[in-house]
Amino acid sequence: MKGVKALPKKTNLHKKIIEYLGDKYQESDDELIDLYCKTRKIYEEMLKELRKSGFLVEYTNKAGATNQVKNPLAIEVTKTAQVLNQLLKSLGLTAAQRKQAVGDGGEDDDFENF
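Thresholds, definitions, all that
Within every chain, residues take consecutive numbers counted from 1 along the sequence as written. Note on the predicted model: pLDDT of at least 70 is required for a residue's local features to be given, and 80 or more for side-chain atom pairs to be given and counted; whole-chain, interface and lining totals, by contrast, use all residues. In computing side-chain properties, one takes all heavy atoms of the structure into account and sets aside hydrogens as well as water. By definition, two strands form a pair when at least two bridges between them are found by DSSP. Helix numbering and strand numbering both begin at the N terminus, where a helix is a DSSP run of H or I of at least 4 residues and a strand a DSSP run of E of at least 2. Throughout this description, buried means an accessible area under 20% of the type-specific maximum (1.4 Å probe, protein chains only), exposed means over 50%, and partly exposed covers the range between. The contact rule is simple, with two residues in contact once any of their heavy atoms fall within 4.5 Å. Axes here mean lines fitted to C-alpha atoms, for a helix over just the part in contact, with angles spanning 0 to 180 degrees between N-to-C directions. Oblique is the label for any angle not under 35 degrees, not over 145, and not in the 65 to 115 range, which are roughly parallel, roughly antiparallel and roughly perpendicular in turn. Here a crossing is taken to be left-handed if its near helix is turned anticlockwise relative to the far helix by less than a right angle, and right-handed if that turn runs clockwise. Residue polarity follows a fixed list, in which Ala, Val, Leu, Ile, Met, Phe, Trp, Tyr, Cys and Pro are nonpolar, Asp, Glu, Lys and Arg are charged, and the others, Gly among them, are polar. Here a helix's expected span is defined as the number of its residues, less one, multiplied by 1.5 Å. Each C-beta atom gives one direction from the helix axis, and the arc is the one those directions make. We call a set of buried residues a nonpolar core when its members are Ala, Val, Leu, Ile, Met, Phe, Trp, Tyr or Cys and they connect through side-chain atoms within 4.5 Å of each other.

By the bridge criterion, five bridges tie strand 1 (residues 56-60) to strand 2 (residues 66-70) in an arrangement that is antiparallel. Bridging from a neighbouring strand, Glu58 pairs with Gln68 of strand 2. Between strand 1 and strand 2, which pair antiparallel one after the other, the connecting turn spans five residues, and Gly64 there sits at a positive phi close to 95 degrees.

With respect to the helices and strands, the residue Lys70 is situated in strand 2. According to the relative accessible area criterion, Lys70 is exposed, its value standing at 57%. Separated by 13 residues in sequence, Lys70 and Val57 place their C-alpha atoms 6.3 Å apart.

This part is about the side chain of Asp29. With respect to the secondary-structure elements, Asp29 resides in helix 2 (residues 29-53). Excluding residues that lie within four positions of it along the chain, Asp29 makes contacts with Leu21, Lys24 and Leu91.

Viewed as axis vectors pointing N to C, helix 2 and helix 3 (residues 72-91) meet at an angle of 155 degrees, and their least axial separation amounts to 9 Å. The orientation of helix 2 with respect to helix 3, classified from their angle, is roughly antiparallel. Classified by chirality, the crossing of helix 3 by helix 2 is left-handed. Taking contact as the criterion, the partners of Asp29, Leu32, Ile33, Leu35, Tyr36, Thr39, Arg40, Tyr43, Met46, Leu47, Glu49 and Leu50 in helix 2 are, on helix 3, Leu73, Ala74, Glu76, Val77, Thr80, Ala81, Val83, Leu84, Leu87, Leu88, Ser90 and Leu91. Taken together, the residues that form the contact of helix 2 with helix 3 break down as 17 nonpolar, three polar and four charged.

End to end, helix 3 covers 30 Å across 20 residues, agreeing with the expected 28 Å (1.5 Å per residue, within 8%). Within the sequence span of helix 3, burial applies to Leu73, Ala74, Val77, Thr80, Leu84, Leu87 and Leu91. Buried residues along helix 3 cover an arc of 135 degrees about the axis, so they all sit on one side. Opposite the buried face of helix 3, by more than 90 degrees, sit the exposed residues Pro72, Gln82 and Ser90.

Ile17, Leu21, Ile33, Val77 and Leu91 are the most contacted members of the largest nonpolar core, which totals 17 residues. Elements supplying a minimum of two residues to this core: helix 1 (12-21), helix 2 and helix 3. Element by element, the count of residues in this core is highest for helix 2, at seven residues.

The structure is reproduced here in structure tokens:
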């Protein structure tokens, strides 16, 4: 068919997320899952580069003085991690959401009494 894009190939991560979703999975989740997988790949590449270059990099200002400054990539890695968390939240896969889904069963939590 002309003008119709093929569906993206489902990666292992994509399949794993669908497995985590279980009965809650809907075909409409595929776009969010695909976005999560692509963003995760970018995040992993940025993290790899950050580890290689370090948290501090040299910066030379207009006057010619060289100083150590925080690597700008560290900020981007943090922002991307937040985006990944938001995508998981949209899918109902954060730790807090899983805890709510399981519920406390009406039993007393010994930790709270501690």
